[in-house]
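A structural walkthrough
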Amino acid sequence: MRVVKKFGGSSVATTEKIKNIAMDIAKNYKEGDEVVIVVSAMGKTTDALIKLAKEISNTPDVRELDSLLSTGEQQTTSLLSMALKEQGCKAISLTGAQAGIRTGGVHTKNKIESIKIDRIEKHLKDGKVVIVAGFQGINDNGDVTTLGRGGSDTSAVALAAALKCDCEIYTDVTGIFGVDPRVYKNAKKLEKISYEEMMEMANLGAGVMETRAVEIGKKYGVRIYVGQTLGVETGTYICDSNEIIEKKAVTGISINKNVIMVNLENFSGVPKNVATVFNNLAKHSVNVDMISQNEVQNIKGSIGFTCPLTDDHFLNNSLEDIRKEIPAIEVTKRTGVVKISLVGIGMISNFGVAAKVFEVLADIDAAFYQCTTSEISISLIIKEDEAVKVVERLAEVFSI
C-alpha cells in the first residue's frame, strides 16, 4: 500500500514525539508499505523564526523571510529521518525543492503549480521512507518559497494527488468536530464530511484543514483522513458527498477570529471608484472576504469588507494607495470582531435555516455587523465578546 502521512507541528514538537512517530511509521515500513511523510516545523518554531525576523526589521524582506521560515520544516525532516534509521528503516529527508514541488505567486503566499515526483518514486523503489518538508517549494527563479499558514496540509494532499494515493493528516485532535470543542464542550465528532463542506468551513475560518488542501483533494479525488497522532479513536474522512447518507441542514460551525472589518466612506460608489479600491487591494495581495455596499449612486457612499488580521500590513499599504487616488475617502478599521459561519450541504434542500439563525440572535440579544450567504453557508460578523454564547446556542439549535 502507498500512503502519504502528514504530521503537524504539535505532533513533532519534541524529539521524544519524533521518536514515537518513527516507531509507528516503522510498522508500515516493515509491512512493506510505500510511505511518504510530510512534516511541519516543530511546535512554535515558525512563530519563533518570525519573531527573530521582526527583531531585525519591522517589515522583513519577504524573499529572505521565506528562506528563513523554510528551515523549520527542514529541521524536522532531518530529525525524523535519523529517528527512522535508528528503527532500522531506510529513510531520506527532502526539502520541498528536492521533492520537486514547483510554486508560483508572491513570497510567503505561494501556490503549488506542479510536482515532479521522479526523485520520490526512485527513493520509494529503493525501499526508503521519504520525508518531505511541508509548507515549501521552489519558484522559477530558483528561490525557496513558502505556502502560507497551513501549507503543510497542501503539500501533503498535493503529493498524494501526484503519487495517486490516500492522504492521512495527523494532528493533536481526534478528528473534525462540528464545532470547536474548546468553545462548545458538547461538540460532536464527524465520521465523514464532504469536500465542499470542509472547503467552506476551512475558507470561513475553521483551523483543522487548509482550504487549498481540500480543494486539491476534491479535484484529484484524494480521500483525506484526519485523526490524532498515535491515537486509538477513529478520526474523520473528507470525501465525496455521495459517500454521506445523512445530509444535515447544518454540518458545522466555524469560528474565525482572524478578522479585520474595514469601512470606506465619503466617496462616490460608482463602478470606477469601486474598481480602484479592489484593484489596489488585489495588487497588495489583501485577501478580501465579505463585501457590502450601499446605493452606488450616493455621492457619499460606503463600502464595507473584511480581510484577515494577518493581512494588516498589506492592507495598510493598499489603503495608502487608495487614498492617493480617492483623497476624500474616510477609512475605519474595526478589530475585536469574529466571523461565525454555519455550513452544510443540506442547506440546499432545507428551508428556514436563516430564520432559525436570526431567531437565535434575537433570543440572546446579539447584534451582527455583516451577513453573507452562499449555497451551503451563512456567515455573520459579531462582537468577539459575544461569540461563545452565539456559537453555543446555534450548536444546540442545530444539534451539532
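Attention here is on the structure that accompanies the text. If you're wondering where the values come from, they're calculated on a predicted model, not measured in any experiment. (Residues numbered from 1 in each chain as written. Predicted model: local features only at pLDDT ≥ 70, side-chain atom pairs only at ≥ 80, totals over all residues. Heavy atoms only, no water.)

A few points about the overall build of the chain
- Looking only at helices and strands, the chain features 11 helices and 20 strands.
- In summary, the chain has a C-alpha radius of gyration of 22 Å against a globular reference of 21 Å for 400 residues, a match within 12%.
- Dimensions of the chain along its principal axes, counting C-alpha atoms only, are 70 × 50 × 35 Å.
- When the accessible surface of the chain is summed, it comes to about 18800 Å², and 49% of that surface belongs to carbon and sulfur atoms. (Helix = DSSP H or I, 4+ residues; strand = E, 2+ residues; numbered from the N terminus. Rg over C-alpha atoms; globule rule 2.2 N^0.38 Å. Areas by Shrake-Rupley, 256 points an atom, 1.4 Å probe, with all protein chains shown as cover.)

Re the nonpolar core
- One finds Val-4, Ile-120, Val-132, Met-209 and Ile-238 to be the most contacted residues of the largest nonpolar core, which totals 43 residues.
- In terms of residue count, the dominant contributor to this core is helix H5 (residues 151–163) (7 residues).
- The contacts of Ile-120, once residues within four sequence positions are left out, are Val-36, Leu-94, Ala-99, Val-130, Val-132, Leu-159 and Leu-163.
- Of all hydrophobic cores here, the second largest spans 26 residues; its members include Tyr-184, Ile-253, Leu-342 and Ile-400. (Core = buried A, V, L, I, M, F, W, Y, C linked by side-chain atoms within 4.5 Å. Buried < 20%, exposed > 50% of the residue type's maximum accessible area, 1.4 Å probe, protein only. Contact = heavy atoms within 4.5 Å.)

Overview of the packing of helix H2 (residues 45–56) against helix H3 (residues 62–86)
- For the pair H2 and H3, interaxial distance at closest approach is 9 Å and the crossing angle is 150°. One element, H2, and the other, H3, form an angle in the roughly antiparallel class. Between H2 and H3 the crossing geometry is right-handed. From H2, Thr-45, Thr-46, Leu-49, Ile-50 and Ala-53 reach across to H3, where they touch Leu-65, Leu-68, Leu-69, Thr-71, Gly-72, Glu-73 and Gln-75.
- A per-class count over the contact of H2 with H3 returns 6 nonpolar, 5 polar and 1 charged. (Axes fitted to C-alpha atoms, helices over the stretch in contact; angles between N-to-C directions. Parallel < 35°, antiparallel > 145°, perpendicular 65-115°, else oblique. Left-handed = near helix turned anticlockwise from the far one by under 90°. Nonpolar A, V, L, I, M, F, W, Y, C, P; charged D, E, K, R; others polar.)

Quick word on the pattern of salt bridges
- In total, this model carries 22 salt bridges according to the counting rule given.
- For Glu-64, the salt bridge is made with Arg-63, and the minimal N-O distance between the two is 2.8 Å.
- Assessed through its relative accessible area of 36%, Arg-63 is described here as partly exposed.
- Beyond isolated ion pairs, a larger network of salt bridges with shared partners links Arg-2, Glu-34 and Glu-121. (Salt bridge = Lys/Arg side-chain N within 4 Å of Asp/Glu carboxyl O.)

Details of unusual backbone geometry
- Its identity as a non-glycine residue notwithstanding, Lys-164 has a phi of 55°, on the positive side.
- With respect to the secondary-structure elements, Lys-164 resides in the loop between H5 and strand E9 (166–171).
- Its relative accessible area of 75% is what places Lys-164 among the exposed residues.
- The phi dihedral of Leu-230 falls on the positive side, at around 60°, and the residue is not glycine.
- Counting through the fold element by element, Leu-230 comes out in the loop between strand E11 (224–228) and strand E12 (236–239).
- The partly exposed category is assigned to Leu-230, whose relative accessible area is 43%.

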